[in-house]
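Below are the chains, spelled out letter by letter.
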Amino acid sequence: GTRVIAGNAFRRASLTAMDIPNSVVSIGDGAFNSCSALTSVTIPNSVTCIGDYTFNECTSLSSITLPNTITSIGEFAFRNCSTLVAFKMPNSVKSIGKAAFMECRNLTSSITIPEGVTCISDSTFYLCTNIPSITLPQTLAQIGNHAFYDCFSLTSINIPKNVTTIGEYAFHFCSPISIEVENGNKYYDSRNYCNAIIETANNKLIKGCCNTRIPNTVTSITSMAFASEACPTSIIIPKSVINIEQLAFWSCYSLSSVVVESGNPRYDSRDNCNAIIETPTNTLIKGCHNTIIPNTVTNIGDFAFDHCSQLISITIPNSVTNVGNRAFYFCTSLKSLVIPDNVTSIGDAAFYYCHALQSLTIGSGVQTFGWNAFDYCYDLKTVICKLVKVPTESEAYYGIYFTGTAHADATLYVPMESLEDYKSTYPWNKFGTILPLDQAPSAVENIEIPKQPNKIIRDGQMLIEHNGKFYNLLGNIL
């Protein structure tokens, strides 16, 4: 005879199962919120609504059956039901609330959103990392912010013709092999079978995938458009593209070839450098593990090589004066690095978690270090620091500290006149051995690389031939 289960009625109760009688017509918001031991529930067909937070944080819920009388699923209704494997959306559903299935990480069944649903709200399927496919209805008009964020198992994305709005990062960290906007959509398109979502009115590419070919009518590429696995191994930037937002190619670790089409007024790939350079500022904004930085580049931009896990070595030419924030963030294979004397600024977390880095040379021109510039470079064995004035925790040098890193087995080489100051200053005094510069190893030759060097690939590594000798990209003679 029970008619109503009140809001929060069983919140955090130690239930393992629940038998809901057919007399129940209403289940209040949060009725089973955080019932972490609850494993299965069957909702009777007398119920028409799943309220907000009803099964939120029911982390043991592996099975739930919803009747074909349910018309709405509330906000956070099934959030973090982390053991829920299969879910069938009743055809009667007309509305789905914000973050309704957020963090259902083990949901492995394909999802079909029924006809009649007009909006996929913000974060509805956020972090549903194992959903293989989702079918969107023809009635759909809006896709909210982060709606399918990190649904990286999706194999395809198909946008119906009636969709008028796609929110920010709606498909961020999704890595489908195909993307298609249905013909007849007035707001978005996939022109020339490009395998991407383009805002029609402003020719802005907002979502790409590993098979995208950027059309020569695109003028802008948005932030995160090709993030992570959604990036092809090679990219050609057409001459029509005059705006590339920061993080457009964030964490594109598989990228091996980057070319800007000749005639582009804003960007170039001068000297066949395998990178995108902002022409007016001579700033390298995106590189890959095969990049050779031209000696006309003056700045390495923020996130330029972030997560470039195949980058083993890189030569920073003397023309560079600034290394941007997180420029080499998580370059986990980078083994040795020379920062030239002309570099005056190193950005925040510029070399954060370059944990394979064993050899580091800091030039004499560095005036500012960003926050945690070399944090977690815990394999360092040799550090050559040419700075006479010892960097300390101050406004200029905040973050030089090799935070989270012990260097008791590493050797630091510094100017003789500053030797005692380094020995008494944190964090430099954490190095096991501190010696004068004149005892530093001289494995790196100071060579001038020609503008058009003779490049070869040997054992998967790019080498430069110069005057009959072979060098790696750091200038080490082989």
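Residues numbered from 1 in each chain as written. Predicted model: local features only at pLDDT ≥ 70, side-chain atom pairs only at ≥ 80, totals over all residues. Heavy atoms only, no water.

Colleague: Even after reading the chapter, I still don't get the overall build of the chain, so can you show me in this structure?
Modeller: Each helix and strand in the chain was counted, giving one helix and 37 strands. Counting over 478 residues, the chain shows a buried share of 53%. Sequence-distant contacts, at least 24 apart, represent 32% of the contacts inside the chain between residues at least 6 apart. Of the roughly 20000 Å² that the chain leaves accessible, carbon and sulfur atoms contribute 48%. (Helix = DSSP H or I, 4+ residues; strand = E, 2+ residues; numbered from the N terminus. Buried < 20%, exposed > 50% of the residue type's maximum accessible area, 1.4 Å probe, protein only. Contact = heavy atoms within 4.5 Å. Areas by Shrake-Rupley, 256 points an atom, 1.4 Å probe, with all protein chains shown as cover.)

Colleague: Would you mind going over the environment of Asn192 with me for this structure?
Modeller: Relative to the elements of secondary structure, Asn192 occurs in the loop between β16 (188-189) and β17 (197-199). Among the residues examined, Asn192 registers a relative accessible area of 54% and is labelled exposed. C-alpha separation for the pair Asn192 and Ile214, spaced 22 residues apart in sequence, amounts to 9.2 Å.

Colleague: Which parts of the structure should I look at to understand the confidence of the model for the chain?
Modeller: The predicted coordinates of low-pLDDT regions are not to be read in fine detail. Averaged over all residues, the pLDDT of the chain is 91; the fraction at 70 or higher stands at 90%. Across residues 443-449, where pLDDT falls below 50, the model places 14 contacts with residues more than four positions away in sequence or in other chains. (pLDDT = per-residue confidence, 0-100.)

Colleague: Looking at this model, I keep getting lost on the sheet that holds strand β18 (residues 204-207). Mind explaining?
Modeller: Pairing within the open sheet is mixed, and its five strands lie in the order β16-β17-β18-β19-β21. Looking at which strands have only one partner, the edges of the open sheet turn out to be β16 and β21 (243-244). (Pairing = 2+ DSSP bridges.)

Colleague: Would you mind showing me how to read the packing of aromatic side chains here?
Modeller: Two aromatic rings are characterised by how far apart their centres lie and by the angle between their planes. Per the counting criterion, the structure on display carries 28 aromatic pairs. Relative to Phe101, the ring of Phe78 has its centre 5.4 Å away and its plane inclined at 10°; by these criteria the two rings are stacked. Placement of the pair is Phe78 in the loop between β7 (72-73) and β8 (95-96) and Phe101 in the loop between β8 and β9 (111-112), with a sequence separation of 23 residues. The two residues Phe78 and Phe101 agree in class, both being buried. Judged by centre distance (5.4 Å) and plane angle (5°), the ring pair of Phe351 and Phe374 falls under stacked. With Phe351 in the loop between β29 (345-346) and β30 (359-362) and Phe374 in the loop between β31 (368-369) and β32 (382-385), this residue pair connects regions lying 23 residues apart in the sequence. (Phe/Tyr/Trp six-rings, centres within 6.5 Å; stacked < 30°, edge-to-face > 60°.)

Colleague: What is the right way to look at the environment of Tyr376 in this model?
Modeller: Relative to the helices and strands, Tyr376 resides in the loop between β31 and β32. According to the relative accessible area criterion, Tyr376 is partly exposed, its value standing at 31%. For the pair Tyr376 and Phe402, spaced 26 residues apart in sequence, the C-alpha separation works out to 6.7 Å.

Colleague: So what exactly am I meant to see when it comes to the side chain of Asn195 here?
Modeller: Relative to the elements of secondary structure, Asn195 occurs in the loop between β16 and β17. Residue class for Asn195 comes out buried when judged on its relative accessible area of 17%. Ignoring anything within four residues of it in the chain, the contact list for Asn195 reads Ile177, Ser178, Ile179, Gly208, Cys209, Asn211 and Thr212.

Colleague: Honestly, the sheet that holds β29 in this entry has me stumped. Any pointers?
Modeller: What holds strands together in a sheet is hydrogen bonding between their backbones, with the strands either parallel or antiparallel. With mixed pairing, the seven strands of this open sheet are ordered in space as β23-β24-β25-β26-β27-β29-β31. Looking at which strands have only one partner, the edges of the open sheet turn out to be β23 (267-268) and β31.

Colleague: Explain the pairing of strand β13 (residues 156-159) to me, please; I cannot follow it from the model alone.
Modeller: Regular strands show a simple pattern: their side chains alternate between the two faces of the sheet. Side-chain alternation along β13 places Ile157 and Ile159 on a buried face and Ser156 and Asn158 on a face that remains uncovered. Two elements, β13 and strand β15 (residues 178-181), share four bridges in a ladder whose sense is parallel. Bridge pairing links Ile157 to Ile179 in β15.

Colleague: Would you mind showing me how to read the side chain of Ser251 here?
Modeller: One can find Ser251 in the loop between β21 and β22 (257-260). Excluding residues that lie within four positions of it along the chain, Ser251 makes contacts with Ser228, Asp306 and His307.

Colleague: I keep staring at the nonpolar core and nothing clicks. Help me out?
Modeller: Buried together is how nonpolar side chains tend to be arranged in soluble globular proteins. Ranked by size, the top nonpolar core spans 61 residues in total, and within it Phe32, Phe55 and Phe78 carry the most contacts. Elements supplying a minimum of two residues to this core: β13 and β15. Apart from residues no more than four positions distant in its own chain, Phe78 is found in contact with Ile50, Phe55, Ile64, Leu66, Ile73, Phe87, Ala100, Phe101, Met102 and Cys104. In this structure, Val297, Ala304, Leu311 and Ile314 belong to the second largest nonpolar core, which totals 48 residues. (Core = buried A, V, L, I, M, F, W, Y, C linked by side-chain atoms within 4.5 Å.)

Colleague: Explanation requested: the pairing of strand β33 (residues 411-414) in the structure shown.
Modeller: Residue alternation in β33 divides its side chains into two sets, Thr411 and Tyr413 and Leu412 and Val414, and both sets are buried. Direction of pairing for β32 relative to β33: parallel, over a ladder of three bridges. In the strand pairing of β33, Ile384 is matched with Tyr413. As paired strands, β33 and strand β34 (residues 433-436) are joined by four bridges and run parallel to one another. Paired with Thr411 across the strands is Thr433, a residue of β34.

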